[in-house]
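Here are the chains, one letter per residue:
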Amino acid sequence: MTTGITAEDWIAHHTLTTPHAPAAHDLASNRRFTYAQLDDRITRAALWLKGAFGVGRGDRVAVLSMNDTDVFELQFACQRLGAIFMPLNWRLAVPELEFIARDSEPVVLVHGTEFADAARDVQKLASIPHVASLANGKPSDYEAGLAAARGTLEPPALDLDDTWTIMYTSGTTGRPKGAQITYRMAFFNCVHCSIGVGLTSKSRNLVFLPTFHTGGLNVYGNPTFHTGGFNVVMRAFDPAQFLALLTDKELALTHALGVPTNFLMLTQQPGFAAADFSHLQHLGIGGAAAPLALIETFGRKGVPMQQLWGMTETGPLGLLLTSDKALSKIGSSGLPPLYVRLKICDPDGNEVKRGETGELMIKGPNVTPGYWNRPEANRTSFTADGWFHTGDAARQDEDGYYYIVDRWKDMFISGGENVYPVEVENVIYQLDGVLENAVVGVPHEKWGEVGRAYVVLKPGANLDEGAVLDHCGTQLARYKVPKEVRFIAELPHNATGKILKHQLPRT
Ligand code: ADP
């Protein structure tokens, strides 16, 4: 199936219209590129991939790198060859990378020099024909390849339904699956970001979530390139640098998107209370349930926060709460963007009544056509009429606003009652000394399952189990109140910063 609409080359377009406009700034290497400069490097990268490794239409190009403007270049170079860009999670162990490489069979693995050993091991184990190094502007196979690149490129005409990227879901819920991201998904996500997030050619966005995850690549990174704006790329998240960049008057960032943990860490920085964020249009927060207390903290500081819900498989933007509603609709993830359709269904697939909780289902041009090599998952992930199962529990209020209640898989049943951990976590976040917390269901003789709260305290905080449980007891029905609190130094996070609940002990 094709749409009959070609996938346009955003960078080539901006190079025609605004060649000298700033396109990208790689902070770690302090390299800055205008659109014309970026365009030239992308063409060279494509010539190199083609000439050195024979990359052509449909071939997979795996990229194992920390955040770097080179990663975006490789993504656009893949488009110019009709190849499929495949960013890999550098926090994965060799066997995990091997699993992905066997599944996707890339022609070449381009890797940051710090991952050279892993890349060589994966190459051997998964029989990848080529590996090549990348070194954040320093001498590497990539820079040598770009410098030597000659010839002209004739990019194939790509349809919006062609696959641009395969992104393996970060695996907070099991074995990774490669979500195919088409040009159509990318395009509609950009449209939604332009309208709902307010990105324009004047936008100055900070990319700090990893670009192997949809958060770093597609919200708001790629949409900023789509509008002809400026992306500032941080190699990896660091809270002190994050605060310094957000308050840098010269840099004058307008947008940044993170997961809740990033902003919780920001509030812990010594300079946070006095920081002036007035040049920011808003901060985007998504990827996991945002603690209500956190949104209130930013609200009190006068920093607009925009809630976003999405999935790798959905482009990702699927719900958006504009920052003017951050406090009046606190807890909601907002409304679907223009071309997104949503419904909430019971386990039999019937729509629930307004206000009731069910599974969020999504349909639209932003939704993946399916996972790479996974016929069974593709059968079970979609209904016969094309609705995609999000696996998230949600409800709608009387104004039609959506609330992500929790992931279905994180829900547990205590004495026959459903408990959504996010609701309990939000109550625990109300306690001043709590930095982070996660509630999980653990087996219990009498009730089937009961809640156990894992709590990380702020430095110097003085809270004990009794205080946490007493507070929950005043705010929640008895069956929702955890039976136990365990204080730990740190919660396990994935590379994006999301809490990995399945790693928390249940025994
Ligand atoms: P992974 O499942 O590997 O973390 P994704 O980034 O695709 O990879 O995760 C999408 C999931 O993240 C959603 O299905 C949902 O459970 C969660 N999520 C995303 N945004 C929000 C949000 N604003 N509120 C609550 N949960 C969210």
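Everything discussed here concerns the structure shown above.
Residues numbered from 1 in each chain as written. Predicted model: local features only at pLDDT ≥ 70, side-chain atom pairs only at ≥ 80, totals over all residues. Heavy atoms only, no water.

A word on the overall build of the chain
Part 1 of the argument: Across its full length, the chain holds 15 helices and 23 strands.
Part 2 of the argument: Its C-alpha atoms give the chain a radius of gyration of 23 Å, within 12% of the compact-globule value 23 Å for 507 residues.
Part 3 of the argument: Dimensions along the principal axes, computed over C-alpha positions, put the chain at roughly 70 × 55 × 45 Å.
Part 4 of the argument: With 507 residues in all, the chain has 59% of them scored as buried.
Part 5 of the argument: Across the chain, every contact between residues at least 6 apart in sequence was considered, and the portion connecting residues at least 24 apart equals 67%.
Part 6 of the argument: Carbon and sulfur atoms make up 52% of the accessible area of the chain, which totals about 20,500 Å².
Part 7 of the argument: Computing the positive centroid from 45 side-chain charges and the negative centroid from 54, the chain places the two 1 Å apart. (Helix = DSSP H or I, 4+ residues; strand = E, 2+ residues; numbered from the N terminus. Rg over C-alpha atoms; globule rule 2.2 N^0.38 Å. Buried < 20%, exposed > 50% of the residue type's maximum accessible area, 1.4 Å probe, protein only. Contact = heavy atoms within 4.5 Å. Areas by Shrake-Rupley, 256 points an atom, 1.4 Å probe, with all protein chains shown as cover. Lys, Arg positive; Asp, Glu negative; His and termini not counted. Charge placed at Lys NZ, Arg CZ, Asp CG, Glu CD.)

What about the packing of aromatic side chains?
The geometry of an aromatic ring pair comes down to the distance between the two centres and the angle between the two planes.
Part 1 of the argument: Evaluation of the coordinates by the stated rule reveals 21 aromatic pairs.
Part 2 of the argument: Following the ring pairs from residue to residue traces out a cluster consisting of Trp 10, Tyr 35, Phe 72, Phe 76, Trp 164, Tyr 183 and Phe 225. (Phe/Tyr/Trp six-rings, centres within 6.5 Å; stacked < 30°, edge-to-face > 60°.)

Section: the sheet that holds strand 16 (residues 358-363)
Part 1 of the argument: Taken in spatial order, the 4 strands line up as 15-16-17-18 in an open sheet, and their pairing is antiparallel. One side of each edge strand has no neighbouring strand; the edge strands of this open sheet are strand 15 (341-345) and strand 18 (402-407). Taking the axes of each pair of neighbouring strands and ignoring which way they run, one obtains an average angle of 45° across the sheet.
Part 2 of the argument: Where strand 15 lies against strand 16, 5 bridges are found, and the strand directions are antiparallel. (Pairing = 2+ DSSP bridges. Axes fitted to C-alpha atoms, helices over the stretch in contact; angles between N-to-C directions.)

A few points about unusual backbone geometry
Part 1 of the argument: Along the chain, Val 219 connects to Tyr 220 via a cis peptide bond; the corresponding omega equals -10°.
Part 2 of the argument: Along the polypeptide, Tyr 220 turns up in the loop between helix 8 (214-218) and helix 9 (221-227).
Part 3 of the argument: In the segment running from Gly 315 into Pro 316, the intervening peptide bond is cis, with an omega of 15°.
Part 4 of the argument: One can find Pro 316 in the loop between strand 13 (305-310) and strand 14 (317-321).
Part 5 of the argument: In this model, Asn 136 sits at a positive phi of 50°, which is unusual for a non-glycine residue.
Part 6 of the argument: When you line up the elements, Asn 136 lands in the loop between strand 6 (130-134) and helix 6 (141-148).
Part 7 of the argument: Exposure remark for Asn 136: the relative accessible area of 8% places this residue in the buried category.

Some thoughts on the environment of Phe 272
Part 1 of the argument: Checked against the element boundaries, Phe 272 lands in the loop between helix 11 (260-267) and strand 12 (282-286).
Part 2 of the argument: On the accessibility criterion, Phe 272 (6% relative accessible area) is buried.
Part 3 of the argument: With 29 residues separating them along the chain, Phe 272 and Leu 243 place their C-alpha atoms 7.3 Å apart.
Part 4 of the argument: Among all residues touching Phe 272, those that are not within four sequence positions of it are Leu 243, Leu 266, Thr 267, Phe 277, Thr 297, Phe 298 and Lys 301.

Description of the sheet that holds strand 2 (residues 31-34)
Part 1 of the argument: Across the sheet, which stays open at both edges, the 8 strands sit in the order 2-1-10-9-11-12-13-14 with mixed pairing between neighbours. Looking at strand neighbours, the two that pair on one side only are strand 2 and strand 14, the edges of this open sheet. Neighbour-to-neighbour, the strand axes of this sheet turn through a mean angle of 20°, independent of strand direction.
Part 2 of the argument: Pairing between strand 9 (residues 204-207) and strand 10 (residues 230-233): 4 bridges, direction parallel. Within strand 10, the position partnered with Asn 205 by the bridge is Asn 231.
Part 3 of the argument: On the sheet, helix 11 packs against strand 11 (255-258), strand 12 and strand 13 and is oriented at approximately 130° with respect to strand 12.

What about the pairing of strand 10?
Part 1 of the argument: Of the two faces of strand 10, the one holding Phe 230 and Val 232 and the one holding Asn 231 and Val 233 are both buried throughout.
Part 2 of the argument: In the sheet, strand 1 (residues 22-26) pairs with strand 10 via 3 bridges, with the strands oriented parallel. Looking across to strand 10, one finds that Asp 26 is bridged to Val 233.

Structural notes on a nonpolar patch on the surface
Part 1 of the argument: Together, Ile 195, Leu 338 and Tyr 339 make up a nonpolar patch on the protein surface, roughly 340 Å² of accessible area in all.
Part 2 of the argument: Tracing the chain through its elements places Leu 338 in the loop between strand 14 and strand 15. (Patch = residues over 30% accessible without salt bridge, like charges linked within 9 Å, V, L, I, M, F, W, Y side chains within 5 Å. Salt bridge = Lys/Arg side-chain N within 4 Å of Asp/Glu carboxyl O.)

Notes on the nonpolar core
Part 1 of the argument: Grouped together as the largest cluster of nonpolar side chains are 58 residues, with contacts concentrated most on Leu 206 and Leu 246.
Part 2 of the argument: Those residues in contact with Leu 246 that lie beyond four places of it in its chain are Leu 206, Leu 253, Ala 256, Leu 266, Asp 276, Phe 277, His 279, Leu 280 and Leu 283.
Part 3 of the argument: Residues Phe 33, Leu 47, Cys 78 and Val 233 belong to the second largest nonpolar core, which totals 49 residues. (Core = buried A, V, L, I, M, F, W, Y, C linked by side-chain atoms within 4.5 Å.)

Details of helix 5 (residues 116-126)
Part 1 of the argument: Those residues of helix 5 lying buried are Ala 116, Ala 119, Val 122, Gln 123 and Ala 126. Taken end-on, helix 5 shows its buried residues confined to a sector of 130°, consistent with a single buried face. Away from the buried face of helix 5 by more than 90 degrees, exposed residues Asp 117 and Lys 124 are located.
Part 2 of the argument: Where helix 5 is buried, its residues meet helix 4 (94-104), strand 5 (108-112) and strand 6.
Part 3 of the argument: Once helix 5 finishes, Ser 127 follows within two positions and takes phi at roughly 50°, a positive value. (Arc of directions from axis to C-beta.)

Function cannot be inferred from these measures alone, as they are strictly geometric.
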